Amino acid sequence: MLMDHRHQDILSRLHGTGRVGVGELALVLRVSEETIRRDLKTLEARGLVRRVHGGAVPPRLDREASPQARGKPNTRETGRVAVLAEALVRDGMSIFIDTGSATLALARRLTGRNLTVTTNSIDVALHLGTGPARVNLTPGTLRSSDHALVGYETVAYARRYLFDIAFMGIAACDLDLGWMDDAEHESVLRRTLKGQARRAVLLADCHTFGRRATLRTFGLGEPLSIVTDSPPPAPFRDAFARHAIDLIHP
């Protein structure tokens, strides 16, 4: 079994059971236990699992992969996404801006706009807090890797308000599993925001498509607006067209 396929199998089993064991995986995947241990070490370095004695469990709920594990942001791609997303914003709107490199790039473009902005990103709040926008920062537990506030208090706060637009990041998009995230709190918050916004917008650069993460957040048929820097691969475009998804790209 190829390593990438083996990793996906491990993550699928972990998502289904909440815990995987080295011996069990070695037996099912027909490889040595040492191979499985190396796989789990690799997946932990990417922030996708947390190793425990004899196996692995999902990553901590209040943490996401570190910036080093996620890789450097694709500055050119996120900049293009931010330009397209900015065009959706009108002065006077109440918007939520989620955490992520593309959402932060959007916040930088909104400096000087007359808006009410709610965010769980300290970086977004600092960028917009010196301008005319009214900025509300959610409560939550600080995630030091990206200065995000996460947790159940963050989700509860978001449920109290309605927004014209919720701008959200996303970790991955798979044809079978849909839109995916690596951390449960991210996934839960984004599902909550979709229900609290008149328009839910995912900011996804071209590298998002064809990847898998740990948790399924939205199905491909969910009524969302998708802003991306270039047209997605044809199978994704076909799927979005079947569900009348609002796809925005250059």
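Our subject is the structure that appears above.
Conventions adopted
- Residues numbered from 1 in each chain as written.
- Predicted model: local features only at pLDDT ≥ 70, side-chain atom pairs only at ≥ 80, totals over all residues.
- Heavy atoms only, no water.
- Helix = DSSP H or I, 4+ residues; strand = E, 2+ residues; numbered from the N terminus.
- Buried < 20%, exposed > 50% of the residue type's maximum accessible area, 1.4 Å probe, protein only.
- Contact = heavy atoms within 4.5 Å.
- Areas by Shrake-Rupley, 256 points an atom, 1.4 Å probe, with all protein chains shown as cover.
- Pairing = 2+ DSSP bridges.
- Axes fitted to C-alpha atoms, helices over the stretch in contact; angles between N-to-C directions.
- Polar contact = N/O pair within 3.5 Å; in protein donor to acceptor, adjacent residues only side chain to side chain.

### Describing the overall build of the chain
Counting secondary structure elements, the chain contains ten helices and 15 strands. Within the span of the chain, comprising 250 residues, buried residues form 49% of the whole. Of the contacts made within the chain by residues no fewer than 6 positions apart, 59% connect residues no fewer than 24 positions apart. In the structure as shown, the chain presents an accessible area of about 12100 Å², 50% of it carried by carbon and sulfur atoms.

### Section: the sheet that holds strand β13 (residues 215–218)
Taken together, the three strands give an open sheet; going across it, the order is β10-β11-β13, and neighbouring strands pair in antiparallel fashion. In this open sheet, the two strands that pair with only one neighbour each are β10 (172–174) and β13. Across the sheet, the mean angle from the axis of one strand to that of its neighbour is 45°, orientation sign disregarded. Sheet topology places β10 next to strand β11 (residues 178–181); three bridges connect them, and they run antiparallel. When the bridges of β11 are listed, Asp174 appears paired with Gly178. In the packing of helix α9 (residues 184–196) onto the sheet, contacts are made with β11 and β13, and the angle to β13 comes to roughly 15°.

### Regarding the environment of Leu177
In this structure, Leu177 sits in the loop between β10 and β11. Since its relative accessible area comes to 31%, Leu177 is described here as partly exposed. Residues Leu177 and Thr217, 40 residues apart in the sequence, show an inter-C-alpha distance of 9.0 Å.

### Some remarks on the environment of Leu84
Note on placement: Leu84 falls in helix α5 (residues 75–86). In sequence terms Leu84 and Leu106 are 22 residues apart; their C-alpha atoms lie 9.1 Å from each other. Discounting residues that sit within four places of it in the chain, Leu84 has contacts with Val227, Thr228, Ile248, His249 and Pro250.

### Details of the side chain of Gln196
With respect to the helices and strands, Gln196 occurs in helix α9. A polar contact is formed between the side chain of Gln196 and the backbone oxygen of Arg159, at a distance of 3.1 Å.

### As for the pairing of strand β9 (residues 163–168)
Burial within β9 is extensive, with five of its six residues counted as buried. For strand β4 (residues 94–97) and β9, the ladder comprises three bridges, and the chain directions are parallel. Residue pairing for β9: Phe96 is matched across the bridge by Ala166. Relative to strand β12 (residues 197–203), β9 runs parallel, the two being bridged by five bridges. Among the inter-strand pairings, Ala166 is bridged to a residue of β12, identified as Ala200.

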